[in-house]
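Spelled out, the chains give:
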Amino acid sequence: MQCKEIQDLLKADYFDGEASQRDQRQVLEHLDSCGKCRKLEEELRTQRVLFQKEKLQNAPESLWQNIREAIIKEQLNQEENAGYGVLSRLKELFLGQRPAFALASVFTLILCIAIFTGVFMQERQSPVQVNSRESILGYSLDNGNSDLVYGLGTNIEQYFF
Amino acid sequence: MDEISKEILKRASQGDIKAFEEIYGHTSDFVYTLAFKITRNISDAQEVCQDVFMKIYHGLNGFQFRSAFKTWVYRITVNTAINYYRKSARQSKDRLDYDGIIESIPDRRSTAEGAIKSDNEARFNGLVDKLIPEYKACLILREIEGLSYQEIATALKIPINTVRSRLKRARETLLEESGKGLMRDAV
Ligand SMILES: [Zn+2]
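Cut-offs applied
Residues numbered from 1 in each chain as written. Chains lettered and ligands numbered in written order. Predicted model: local features only at pLDDT ≥ 70, side-chain atom pairs only at ≥ 80, totals over all residues. Heavy atoms only, no water. Phe/Tyr/Trp six-rings, centres within 6.5 Å; stacked < 30°, edge-to-face > 60°. Helix = DSSP H or I, 4+ residues; strand = E, 2+ residues; numbered from the N terminus. Buried < 20%, exposed > 50% of the residue type's maximum accessible area, 1.4 Å probe, protein only. Lys NZ or Arg CZ within 6 Å of the ring centre and 35° of its normal. Contact = heavy atoms within 4.5 Å. Buried area = accessible area lost by both parts, 1.4 Å probe. Salt bridge = Lys/Arg side-chain N within 4 Å of Asp/Glu carboxyl O. Polar contact = N/O pair within 3.5 Å; in protein donor to acceptor, adjacent residues only side chain to side chain. Nonpolar A, V, L, I, M, F, W, Y, C, P; charged D, E, K, R; others polar.

## Some words on the packing of aromatic side chains
Then, in step 1: Under the defined criterion, the tally for this structure stands at 9 aromatic pairs over all chains.
Then, in step 2: Between Phe20 of chain B and Phe53 of chain B, the ring centres sit 6.5 Å apart and the planes meet at 90 degrees, which makes this aromatic pair edge-to-face. Of this pair, Phe20 of chain B sits in helix H2 (residues 17–39) while Phe53 of chain B sits in helix H3 (residues 42–59); the two residues are 33 residues apart in sequence, bridging distant segments of the chain. When sorted by exposure, Phe20 of chain B lands in the same class as Phe53 of chain B, which is buried.
Then, in step 3: When the centroid spacing of 5.8 Å and the interplanar angle of 85 degrees are considered together, the rings of Phe63 of chain B and Phe69 of chain B count as edge-to-face. Take Phe63 of chain B and Phe69 of chain B: they sit in the same class, and that class is buried.
Then, in step 4: One Lys or Arg, Lys37 of chain B, reaches over the ring of Phe51 of chain A and ends 4.9 Å from the middle of that ring.

## A look at the interface of chain A and chain B
Then, in step 1: With 38 residues of chain A at the interface, the matching set in chain B holds 44 residues.
Then, in step 2: Across the interface of chain A and chain B, roughly 4200 Å² is buried in total on both sides, 60% from carbon and sulfur atoms.
Then, in step 3: Its largest share of buried area at the contact with chain B, chain A owes to Gln47, Phe51 and Trp64 of chain A, together 18% of the area lost on that side.
Then, in step 4: Where chain A meets chain B, there are 6 salt bridges.
Then, in step 5: Among the salt bridges present, the one from Glu172 of chain B reaches Lys11 of chain A, with a minimum N-O distance of 2.9 Å.
Then, in step 6: Taken together, the links from chain A to chain B amount to 18 residue pairs in polar contact (both at pLDDT 80 or more).
Then, in step 7: Of all elements in the fold, only helix H1 (3–11), helix H3 (35–53) and helix H4 (61–82) of chain A reach the threshold of two or more residues within the side of chain A that touches chain B.
Then, in step 8: A per-element tally of the side of chain A that touches chain B places H3 of chain A first, with 13 residues.
Then, in step 9: Split by residue class, the side of chain A that touches chain B holds 16 nonpolar, 8 polar and 14 charged.

Take a look at the structure:
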């Protein structure tokens, strides 16, 4: 084989372990006697090392959270359209992964109920309580909206804490 | 990328988010690496990833196990990343030119003794970045994922000869464009 054929094999099949045994043997024999092709093989190996050196990138943590939220939102919408599954998905969203977040949600819920019942038991209300009743009623009436799921976790929490 | 059990795939296709998280755990680093190597931009890579995993999630139901799951993921990832790269307004026209493998040759910088290594690595990566994405995708699947020509051909739905010639052309281009002597010193 001529240098040209050997070099074609070097740059692809031989280098990638795809060459036939016969071709492989011929390349090896040629490399023994040809400095030019030997140099090419060395350069290809260097190139491979450099290419593999740029290590695998780790996907950022936030990525999974975004994907998870997108999927849950989608599932919610589907079930919402079918008219079931609100509670179980809410539970999954809130109790799914973040214990601190779940705890805060439960605490908020208890607080809401406490204030809610408090509001109805009192005849006269201070302006603050009027506001809180309005926002609670606003959310509790808005049942079919999937934004509710996120609203409960953030807005009310911010409001109270 | 490891192969994932049918059981996990089935559960994920039924909407089991824990199972899908497991799939994500097995595949996300590869998907992200490929997306990043092709788009060369962290926020683009993240968008590609999100897009890829939503496609996987939606496609799982119809996945028939006729091909290996990972082959399917390779295909979705490469196609999504390349489409993204092409659509990106940041890319100049000549990069879109299919025939122009390499955009331009960066200047060879003078290097201090101690800086030669990292400088050459950076320079080499700069050359790789400028390969057209189809060539880059073949190189990544071959050199990082260790796929055979047949596996690459299946994943990308291209003839084996195209795989062979893309790898050969990519390597030739990198050899031509890099300072060969410098490259050897770098290792
Ligand atoms: Zn020779």
